[in-house]
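Residue-level structural notes
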Amino acid sequence: LAPQYSEIASRSEIRISQTLKNLSDFSLPIVSAPMDTVTGVNMAVSMHKAGGLSIIHRYNTIEEQVDMVLAAGEEGVIVGAAIGANGDLLERARALIKDASVGLLCVDVAHGHHSNVRYALEVLRNTFGYDLHIMAGNVATLEGFNALSDWGADSIRVGIGGGSICSTRIQTGHGIPTLQSILDCASSDRDATLVADGGIRNSGDIVKALAAGADFVMVGSLLAGTDETPGEVLHTKEGKKKVYRGMASKEAQSAWRGRVSSIEGVSHVVPYRGAVKEVLYELDIGIRSGLSYSGATSIPELQAKAQFIRQTSAGTIESST
Ligand code: IMP
């Protein structure tokens, strides 16, 4: 992104808050991914305190997920919950809404531009109406984005194959670089919220995603290894670590459904990083600094002003630390 003339004296002049329809304003436009090594109750509470949102993962029984949402809810936390596009879809959705008063459901599948998702969105809208916020995904194309919006999604996860633990492009040959998908989907004339998802490694990547047209970003690896992620701290010769794994990895599939089909993710250990609030604080100030380099005091202003430049591989080397 080319730096531009700025009159912003302090990062506190910059507002990075964003709204999700029927739900709330969020002072930090970051959503934690519905993965079993990222988002449980502790992550939901800390994300909420930092101004962001969490989606509780669905790799559990309905009772376990309802409990997680109720626990988080007791602390006044606004939280979303993931569901699949078939199987126990309606039963899970009903329990989350009736027993845990969840305000956001996320239809969470790898290939969102699919008849199963169309069916899921139709059933959810017919059963629960339009007061509920429904997120759905993932898609990588403008056609996919428009379809999910037309089928009833309020917000759409954009990005296929870009996740740090993802092997979809290697296993299947499919996917589109996430920044390109954001640019394409942001040209949509639908008013669905765009959630950029996969491959975001630092606050600079968040600024680029927002500048390209994302309203929110969803992240996994950026939060992995913190105290608030589910899972034990491992003591290894190389220091403390935690597991971070793709939900389509062999390890995650065997754990949650006891069988493995197409393996499209990997499992690995990442360094233990302490409290997530420190990570979120650094991201918050990094995003604000990013907006100030483009002379923008809000995300819509960043989107209007941002100037992307192409760089050579020499520039890429110069840009990395
Ligand atoms: P990260 O922030 O780059 O680590 O990517 C996180 C995103 O990767 C999630 O929000 C999902 O969209 C995606 N994802 C999670 N598990 C898998 C997997 O096993 N294969 C492919 N993509 C995955």
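The structure we're discussing is the one just above.
The text that follows walks through the structure, step by step, so that each part is easy to find. (Residues numbered from 1 in each chain as written. Predicted model: local features only at pLDDT ≥ 70, side-chain atom pairs only at ≥ 80, totals over all residues. Heavy atoms only, no water.)

Focus on the packing of helix H2 (residues 62-74) against helix H3 (residues 89-98)
The cut-off we apply is this: In this analysis an axis means a line fitted to C-alpha atoms, helices contributing only their contacting stretch, and an angle means the value between N-to-C directions, from 0 to 180 degrees. A run of DSSP states H or I qualifies as a helix once it reaches four residues; a run of E qualifies as a strand once it reaches two. Both are numbered from the N-terminal end. Each angle receives one of four descriptions, namely roughly parallel if under 35 degrees, roughly antiparallel if over 145, roughly perpendicular if within 65 to 115, and oblique otherwise. Each crossing gets its hand from how the near helix is turned against the far one by less than a right angle, where anticlockwise is left-handed and clockwise is right-handed. Throughout, a residue-residue contact means that at least one pair of heavy atoms, one from each residue, lies within 4.5 Å. Charged residues are taken to be Asp, Glu, Lys and Arg, nonpolar residues to be Ala, Val, Leu, Ile, Met, Phe, Trp, Tyr, Cys and Pro, and polar residues to be all remaining types, Gly included.
Their axes nearest at 10 Å, the elements H2 and H3 cross at an angle of 30°. Regarding the angle of H2 to H3, the classification is roughly parallel. Regarding H2 and H3, the two cross each other, and that crossing is right-handed. Listed contacts from H3 to Ile62, Gln65, Val66 and Val69 of H2 are Glu91, Arg92, Ala95 and Leu96. Residue composition of the contact of H2 with H3, grouped by class: five nonpolar, one polar and two charged.

Digging into the pattern of salt bridges
What counts here: Only one rule defines a salt bridge in this text: a Lys or Arg side-chain nitrogen within 4 Å of an Asp or Glu carboxyl oxygen. Only protein chains enter the accessibility calculation, which uses a 1.4 Å probe. A residue is then buried if its area is under 20% of the maximum for its type, exposed if over 50%, and partly exposed in between.
Counted according to the given criterion, the structure contains 14 salt bridges. Here arginine 157 and aspartate 197 are joined by a salt bridge, their closest N and O atoms 3.1 Å apart. Taken together, the positions of arginine 157 in strand E8 (residues 155-158) and aspartate 197 in strand E9 (residues 193-197) put the pair 40 residues apart, joining distant regions of the chain. Note that lysine 208 is salt-bridged to aspartate 205, the shortest N-O span being 3.6 Å. Note that lysine 208 and aspartate 205 are positioned in helix H8 (residues 203-212) at a spacing of three residues, about one turn of the helix. With relative accessibility at 10%, the residue aspartate 205 sits in the buried group. If you follow the salt bridges from partner to partner, you end up with Arg58, Asp108, Arg157 and Asp197 in one network.

A word on the pairing of strand E5 (residues 80-83)
To be explicit about the condition: Strands pair, by our definition, only if DSSP identifies at least two bridges between them. Seen with its strands pointing away from the viewer, a crossover is right-handed when the path leading from the first strand over the helix to the second is clockwise.
Side chains Gly80 and Ala82 of E5 all project onto a buried face; the interleaved residues Ala81 and Ile83 project onto the opposite face, where all are buried too. Direction of pairing for strand E4 (residues 53-56) relative to E5: parallel, over a ladder of two bridges. Residue pairing in the sheet places isoleucine 56 in a bridge with alanine 81 of E5. Tracing the backbone out of E4, into H2 and back to the parallel element E5 gives a crossover that is right-handed. Here E5 runs beside strand E6 (residues 104-108); their pairing, made up of four bridges, is parallel. The residue bridging alanine 81 from the neighbouring strand is leucine 105, located in E6. Each parallel crossover has a hand, and the one from E5 via H3 to E6 is right-handed.

Section: a nonpolar patch on the surface
Condition: Only residues whose relative accessible area exceeds 30% and that form no salt bridge enter a patch; like-charged residues are grouped when within 9 Å of one another, and nonpolar side chains (Val, Leu, Ile, Met, Phe, Trp, Tyr) when within 5 Å. Computed by Shrake-Rupley with a 1.4 Å probe, the accessible areas treat only the displayed protein chains as cover when residues are assessed.
A cluster of nonpolar side chains, contributed by Leu1, Leu179, Leu183 and Phe308, occupies part of the molecular surface with about 290 Å² of accessible area. Residue position: leucine 183 is located in helix H7 (residues 178-186).

Structural notes on the site of the ligand
As a reminder, the rule being used: Nearness of a residue to a molecule or strand requires only that one of the residue's heavy atoms be within 4 Å of it. Counted as a polar contact is a pair of N or O atoms within 3.5 Å, where, for protein atoms, one must be capable of donating a hydrogen and the other of accepting one, and residues adjacent in sequence contribute only when both atoms are in side chains.
Taken together, 23 residues form the shell around the ligand, and within it Ser164, Asp197, Tyr244, Ala248 and Glu264 come nearest. Note that an oxygen atom of the ligand is positioned 2.8 Å from one of the backbone N or O atoms of glycine 199. Alanine 248 places a polar main-chain atom, nitrogen or oxygen, 2.6 Å from an oxygen atom of the ligand. Calculation on the ligand without its partners gives an accessible area of 500 Å², and the protein chains cover 90% of this total. Along the lines of polarity and charge, the residues of the shell around the ligand split into nine nonpolar, 11 polar and three charged.

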